[in-house]
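Working through the structure, step by step
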Amino acid sequence: MFEKSISDYLQKHGYPHLQLKAALFDMDGVLFNSMPYHADAWHKVMERHGLHLSREEAYLHEGRTGASTINIVYQRQFGKDASPELIEGIYAEKSKEFNSHPEPERMPGAWETLQKVKAAGITPVLVTGSGQHSLLDRLTHNFPGMFDRSHMVTAFDVKYGKPNPEPYLMGLEKAGVQAHEAIVVENAPIGVQAGVAAGIFTIAVNTGPLDGQVLLDAGANLLFPSMQALCDNWQELLDALKK
Ligand code: CA
């Protein structure tokens, strides 16, 4: 069932085959069920500053750096860039608002998927646009032993952020692998665009309220309705990737 997606990808890039060595995971909406809290925090804090960003739209911006999201909305309303001070202030408030929610839970199926990834000898790499210290700390707590500190790309590492391929290219570099030696697991359209632009086989897991077609339109090579579905299909996918 996965062979067609894989052969289309190989043909497009002119790779003879995939040699899976690393799996690049996004964090919010993939490892943690944190997106409803993010969308809520974004909406509330932006509104406080007279900036209009609905919870639904927040899902479409998911994966961008906070600074970039703030500036896009500011530009749209005022036709000029937001000042660095305003951006910093709003992002700090947004982080505070996010942290006032209960701790986000692990996405169902995420821990089991990571265990299967590790058992297959594949290196898990974290590639997130998040700069939330709290959630990054929680990563160590909720996914013990999964992510080596040297195998993490966060908002602190990147200049452009998703949808630019930069974060995923950096993830490849940190893992010491080539594009055809990795997969990306993403839940947001912008994240999918970044993975695809980096030339990596990109798997979308639709864990939010968006139509799955949005993820396919963004270029996803495969689409699963949940992390649990990816987990349940992991062995079959791995076998297909090895062919
Ligand atoms: Ca995400």
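Small disclaimer: the values here were computed from a predicted structure and weren't measured. (Residues numbered from 1 in each chain as written. Predicted model: local features only at pLDDT ≥ 70, side-chain atom pairs only at ≥ 80, totals over all residues. Heavy atoms only, no water.)

Examining the overall build of the chain
- Across its full length, the chain holds twelve helices and six strands.
- A compact globule built from 243 residues should have a C-alpha radius of gyration of about 18 Å, and the chain, at 17 Å, falls within 12% of that.
- Its C-alpha atoms put the chain at 55 × 35 × 30 Å along the principal axes.
- Split into buried and exposed, the 243 residues of the chain put 54% on the buried side.
- Here the analysis covers contacts within the chain between residues at least 6 apart in sequence; of these, 67% occur between residues at least 24 apart. (Helix = DSSP H or I, 4+ residues; strand = E, 2+ residues; numbered from the N terminus. Rg over C-alpha atoms; globule rule 2.2 N^0.38 Å. Buried < 20%, exposed > 50% of the residue type's maximum accessible area, 1.4 Å probe, protein only. Contact = heavy atoms within 4.5 Å.)

Observations regarding empty space enclosed by the protein
- Scanning the model with the defined rule gives one cavity of 30 Å³ or more in all.
- For the largest cavity, the calculated volume is near 240 Å³.
- Around the largest cavity, the lining comprises 18 residues; the ones closest to its centre are D28, H38, W42, G63 and R64.
- Residue assignment for the lining of the largest cavity shows that the elements contributing at least two residues are α2 (35–48), α3 (55–61), α4 (66–78) and α5 (84–99).
- Considering every element that reaches the lining of the largest cavity, the biggest residue donor is α2, with three residues.
- Counting the residues that make up the lining of the largest cavity, at least three belong to each of domain 1 (3–34 + 104–242) and domain 2 (35–99). (1 Å grid on protein atoms, 1.4 Å probe; cavity = no way out; pocket = protein on both sides within 12 Å on 5 of 7 lines; lining within 4 Å. Points joined across faces, edges and corners; volume = space filled by probe spheres on them. Domains from an automatic or database assignment.)

Details of the sheet that holds strand β5 (residues 201–205)
- Pairing is parallel across the open sheet formed by six strands, whose spatial order is β3-β2-β1-β4-β5-β6. At either end of the open sheet lies a strand with only one pairing partner, and these are β3 (152–153) and β6 (222–224).
- The pairing of strand β1 (residues 22–25) with strand β2 (residues 123–127) spans four bridges and is parallel. In the sheet register, A22 faces β2, and the bridge partner there is T123.
- Across the sheet, helix α6 (residues 110–119) touches β1 and β2, and the angle it forms with β1 is around 160°. (Pairing = 2+ DSSP bridges. Axes fitted to C-alpha atoms, helices over the stretch in contact; angles between N-to-C directions.)

Remarks on the coordination of the calcium ion
- Bound to the calcium ion are the protein donor atoms D26 (OD), D28 (O), E62 (OE) and N187 (OD1), situated 2.1 to 2.3 Å from the metal.
- Each donor residue of the calcium ion belongs to the same chain, with the gaps between them written as D-x1-D-x33-E-x124-N. (Donors = N, O, S within 2.8 Å, 3.2 Å for Na, K, Ca; no water.)

Remarks on the packing of aromatic side chains
- Applying the stated rule across the entire model yields seven aromatic pairs.
- Centroid distance Y9 to Y15: 5.9 Å. Interplanar angle 50°. Geometry classified as tilted.
- Members of the aromatic cluster, connected to one another through ring pairs, are Y9, Y15 and F201.
- Seen from the ring of F98, K94 lies directly overhead, with NZ or CZ sitting 5.4 Å from the centre. (Phe/Tyr/Trp six-rings, centres within 6.5 Å; stacked < 30°, edge-to-face > 60°. Lys NZ or Arg CZ within 6 Å of the ring centre and 35° of its normal.)

Let's talk about the domain arrangement of the chain
- Once the domains are mapped, the chain shows domain 1 (3–34 + 104–242) and domain 2 (35–99).
- Between the C-alpha centres of domain 1 and domain 2 there is a distance of 24 Å.
- On the side of domain 2, 16 residues touch domain 1, which itself brings 24 residues to the contact.
- A buried area of about 1500 Å², summed over both sides, lies between domain 1 and domain 2, and 57% of it is on carbon and sulfur atoms.
- Looking at the side of domain 1 facing domain 2, the largest losses of area belong to S34, Q132 and I190, adding up to 34% of the total buried there. (Buried area = accessible area lost by both parts, 1.4 Å probe.)

Observations concerning the pairing of strand β4 (residues 182–186)
- The element β4 is extensively covered by neighbouring structure, given that five of its five residues are classed as buried.
- Burial along β4 is two-sided: A182, V184 and E186 and I183 and V185, pointing in opposite directions, are all buried.
- Bridge count for β1 against β4 is four bridges, and the pairing is parallel. Each bridged residue has a counterpart across the sheet, and for A22 the counterpart in β4 is A182.
- Two elements, β4 and β5, share four bridges in a ladder whose sense is parallel. Paired with V184 across the strands is T202, a residue of β5.
- Since β4 and β5 lie parallel, the crossover through helix α9 (residues 189–197) that links them has a hand, and here it is right-handed. (Right-handed = clockwise from strand over helix to strand, strands pointing away.)

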